[in-house]
Amino acid sequence: AQSVAQPEDQVNVAEGNPLTVKCTYSVSGNPYLFWYVQYPNRGLQFLLKYITGDNLVKGSYGFEAEFNKSQTSFHLKKPSALVSDSALYFCAVREPLDGNTPLVFGKGTRLSVIA
Amino acid sequence: DSGVTQTPKHLITATGQRVTLRCSPRSGDLSVYWYQQSLDQGLQFLIQYYNGEERAKGNILERFSAQQFPDLHSELNLSSLELGDSALYFCASSLLGTRNEKLFFGSGTQLSVL
């Protein structure tokens, strides 16, 4: 069964500095990978996804993620953090070979960007 | 605004009771998903429907049931409630329910069981 791990519960970064939120996954075969963000009192919002092709995926709000098959990772990055990026970030994976497997989420990483 | 509507936003009830959570998907979306978010378990998949039919089932308790109606709205029924059922319940929708689609989430229903 597929799974995803976000090793850091909390990431703190100063405004203007680059940020990285880590994610590793486990699936059989090539994964479908997603990042979502949750702002306070809101539902999750889609940021970006990797299905196939270029390992560097660009998404909303200046975020990007790099798919690394050998390290089974899909880290979320942004070159310059904003205070408004402070939120809860979820990595998610889906098994591509079985049509009925759900989107499985990590436990989330809380990002705090300090002015 | 994601276009997914969940009602009610907050629900406070007692142990042993039964509640119904409602979800209206984005216009045109055929697939609905239910997730439970709690502090210790994170975001857990409960169940998925596509055009009225159950498509996938996750860690959904037998005390919980769901359905999707002909107008595509969905309801999640939680019965014999326990303290541990207190959580944020999200509904999400997508157009076709395929593996590479992004999901659109509602704002959730916060359930408190006292």
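Residues numbered from 1 in each chain as written. Chains lettered and ligands numbered in written order. Predicted model: local features only at pLDDT ≥ 70, side-chain atom pairs only at ≥ 80, totals over all residues. Heavy atoms only, no water.

Asks: I tried to follow the packing of aromatic side chains on my own but got confused; where do I start?
Replies: Each aromatic ring pair is summarised here by two numbers: the centre-to-centre distance and the angle between the ring planes. For the structure shown, the criterion picks out 15 aromatic pairs over all chains. The interplanar angle of 50° and the centroid separation of 5.5 Å between the aromatic rings of A:Phe63 and A:Tyr89 together place this pair among those described as tilted. Of this pair, A:Phe63 sits in the loop between strand E7 (56-58) and strand E8 (64-68) while A:Tyr89 sits in strand E10 (residues 87-94), and the two are 26 residues apart along the sequence. Three or more aromatic residues link up through ring pairs in this structure, and these residues are A:Phe34, A:Tyr36, A:Phe46, A:Phe90, A:Phe105, B:Tyr35, B:Phe45, B:Phe90 and B:Phe105. Its end group placed over the ring of B:Phe104, B:Arg26 keeps NZ or CZ at 3.6 Å from the ring centre. The ring of B:Tyr50 is capped by B:Arg55, whose NZ or CZ atom sits 4.3 Å from the centre of that ring. (Phe/Tyr/Trp six-rings, centres within 6.5 Å; stacked < 30°, edge-to-face > 60°. Helix = DSSP H or I, 4+ residues; strand = E, 2+ residues; numbered from the N terminus. Lys NZ or Arg CZ within 6 Å of the ring centre and 35° of its normal.)

Asks: What am I meant to see in the sheet that holds strand E7 (residues 64-68) of chain B here?
Replies: In a beta sheet, neighbouring strands are held together by backbone hydrogen bonds and run either parallel or antiparallel to one another. Residue and element names in this part refer to chain B. On the basis of which strands lie adjacent, the open sheet formed by 4 strands has the order E1-E3-E8-E7 and antiparallel pairing. Taken across any chain shown, the strands that pair with only one partner, and hence form the sheet edges, are strand E1 (5-7) and E7. Going across the sheet, the axis of each strand differs from the next one's by a mean of 15°, ignoring polarity. Judged from the 3 bridges that link them, E1 and strand E3 (residues 19-24) form a sheet pairing that is antiparallel. Residue threonine 7 lies in a different strand from E3, and its bridge partner there is arginine 22. (Pairing = 2+ DSSP bridges. Axes fitted to C-alpha atoms, helices over the stretch in contact; angles between N-to-C directions.)

Asks: Please clarify how the nonpolar core should be interpreted in this entry.
Replies: A general tendency of soluble globular proteins is for nonpolar side chains to be buried together. Membership of the largest hydrophobic core comes to 28 residues, with the highest contact counts inside it found for A:Trp35, A:Leu47, A:Leu48, A:Phe74, A:Leu76 and A:Tyr89. Secondary structure elements with two or more residues in this core: strand E2 (10-14), strand E3 (19-21), strand E5 (32-38), strand E6 (44-50), E8, strand E9 (73-78), E10 and strand E12 (109-114) of chain A. In terms of residues, this core owes the most to one element, E10(A), which gives 4 residues. Filtering out sequence-adjacent residues up to four positions away, A:Leu47 remains in contact with A:Trp35, A:Tyr36, A:Val37, A:Gly59, A:Ser60, A:Tyr61, A:Phe63, A:Leu76 and A:Tyr89. By size, the runner-up hydrophobic cluster in this structure holds 21 residues, among which are B:Cys23, B:Leu46, B:Ala87 and B:Val113. (Core = buried A, V, L, I, M, F, W, Y, C linked by side-chain atoms within 4.5 Å. Buried < 20%, exposed > 50% of the residue type's maximum accessible area, 1.4 Å probe, protein only. Contact = heavy atoms within 4.5 Å.)

Asks: Looking at this structure, I do not really get the interface of chain B and chain A. What am I missing?
Replies: Think of interface size as the accessible area that goes away when the parts come together; that is how it is often given. On the side of chain A, 22 residues touch chain B, which itself brings 22 residues to the contact. For the pair chain B and chain A, the summed buried area comes to about 1,800 Å², and 54% of that belongs to carbon and sulfur atoms. Considering only the surface of chain B that becomes buried against chain A, B:Leu43, B:Arg99 and B:Asn100 emerge as the three largest contributors, covering 35% of it. For the pair chain B and chain A, the number of links is 0 salt bridges. (Buried area = accessible area lost by both parts, 1.4 Å probe. Salt bridge = Lys/Arg side-chain N within 4 Å of Asp/Glu carboxyl O.)

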